[in-house]
Amino acid sequence: MDITAAGPLLSRYEIDQVKPPESPIEAKMLDLLMGGLNLGFKATFAAADTWQDAVDMLRAEPEAFSRNRICVFPQVGVDRYRADMLVAFADRLIDRVDAWDGFDLVFLECDGEEFHGEDSGRQRADRDRERAIKAATDLDILRFSGAEISFFPDQVGEVISTYLESFAAARRFARLRLEHAMEVHDYARSETQDMVPETPAVIRRARVAACNLAGMPWARREYQTQLGKQNLAAMRRAAEAMRVWTEDATLDCPACPG
């Protein structure tokens, strides 16, 4: 795949406008994203005060933000909280946001070592914070510990890549269905906006498997543990099944003769 250089998007999104990482762990995560993950695209960065500001920017200039496929908005506000990173992913270069093309969003949270112990008060605060962010945005939150980011960056990158890849697979399948509606059933593109099919189960399984490896620290085990290794192996199997299914996916159109 084409690897594009990380850097500022446009003059008004200069990199020096981006809020610096608040911890060394966040800096390591940014380095990981800049390295390209397993998707072959290096992340670029932009500044936004809130997550909704970021969404508005993506909708206003989709071609600029989709050029590098992955764009990271560090330290965006959500309600009364500030999320470590909002990641926007586009599976191809797009010139408009609609049912066919758009950005898939996910929050990344980086837990420093000081927040990774058995502090029940901190756990409750993190749980409340995550619930508030989820309620305000309806987006998933992938959370990684400082140990995972520092000592298992390849596995962290694999989890994030699998999660984003599941959205790319879902969008490819949706476009296949929408193109069929236009070419075979003579729908106009504007008429397909409410016809996006449900995400197939095989894709959802890969996405859930990735989320299971990036939850609250007390809800899962790190990659070096036996359970963590089993969960990682399960995600890899789910991801491979998704890829095989995507390659062979066929339409099941109720309007077509059997």
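Residue numbering note: each chain is counted from 1, following its sequence as written. In view of the model being predicted, local features appear only for residues whose pLDDT reaches at least 70, and side-chain atom pairs are presented and counted only at 80 or more, with totals across whole chains, interfaces and linings using the full set of residues. Here the side-chain values reflect all heavy atoms present in the structure, with hydrogen atoms and water set aside.

For the protein, the name recorded in an unreviewed UniProt entry is DUF559 domain-containing protein, with Azospirillum brasilense as its organism.

Trainee: Mind showing me how you'd approach the nonpolar core here?
Mentor: Among soluble globular proteins, nonpolar side chains are generally buried collectively. Counting residues in each nonpolar core, the largest one holds 41 residues, and the members touching the most others are Met 29, Ile 70, Val 72, Leu 108, Phe 144, Ile 160 and Leu 164. Looking at this core element by element, the count peaks at nine residues for helix H6 (residues 153–185). The contact criterion used throughout is that any non-hydrogen atoms of two residues lie within 4.5 Å. Sequence-distant contacts of Leu 108, that is, excluding residues within four places in its chain, are made with Met 29, Leu 33, Asp 84, Met 85, Val 87, Leu 142, Phe 144 and Ile 160. Nonpolar cores were defined as sets of buried Ala, Val, Leu, Ile, Met, Phe, Trp, Tyr and Cys residues, with membership established by side-chain atoms within 4.5 Å. Burial classification: accessible surface area is computed with a 1.4 Å probe over protein chains only, and a residue below 20% of its type maximum counts as buried, one above 50% as exposed, and the rest as partly exposed. With 23 residues, the next largest nonpolar core counts Trp 51, Ala 88, Ile 94 and Leu 105 among its residues. Each helix is a run of DSSP H or I of at least 4 residues and each strand a run of E of at least 2, with the numbering of both proceeding from the N terminus.

Trainee: Is there a simple way to think about the pairing of strand E2 (residues 70–78) in this case?
Mentor: In regular strands, side chains alternate between the two faces of the sheet. Burial within E2 is extensive, with nine of its nine residues counted as buried. In terms of strand pairing, strand E1 (residues 44–45) meets E2 through two bridges, oriented parallel. From the neighbouring strand, Phe 45 faces E2, where its bridge partner is Val 72. Whether two strands pair depends on DSSP finding at least two bridges between them.

Trainee: Hey, could you run me through the packing of aromatic side chains in this one?
Mentor: Aromatic pairs are defined between Phe, Tyr and Trp rings, using the six-membered ring for Trp, whenever the two ring centres lie within 6.5 Å; interplanar angles under 30 degrees are classed as stacked, those over 60 as edge-to-face, and all others as tilted. Applying the stated criterion to the full structure yields three aromatic pairs. By definition here, charges over rings are those cases where NZ of Lys or CZ of Arg is within 6 Å of the ring centre and within 35 degrees of the ring normal. Geometry around Phe 167 places Arg 207 over its ring, the cationic atom sitting 3.6 Å from the centre.

Trainee: Would you take a moment to explain the sheet that holds strand E3 (residues 81–89) for this structure?
Mentor: Hydrogen bonds between backbone atoms are what pair the strands of a sheet, whose relative direction is either parallel or antiparallel. Taken together, the five strands give an open sheet; going across it, the order is E1-E2-E3-E4-E5, and neighbouring strands pair in mixed fashion. At either margin of the open sheet sits one strand with a lone partner, and together these are E1 and strand E5 (141–145). Of the strand pairs in this sheet, E3 and strand E4 (residues 104–111) are connected by five bridges, and their pairing is antiparallel. Within E4, the position partnered with Met 85 by the bridge is Leu 108. Of the strands in this sheet, E2, E3, E4 and E5 touch H6, which is tilted by about 170° from E4. Note on definitions: angles span 0 to 180 degrees between N-to-C directions of axes, and those axes are lines fitted to C-alpha atoms, for helices only across the stretch in contact.

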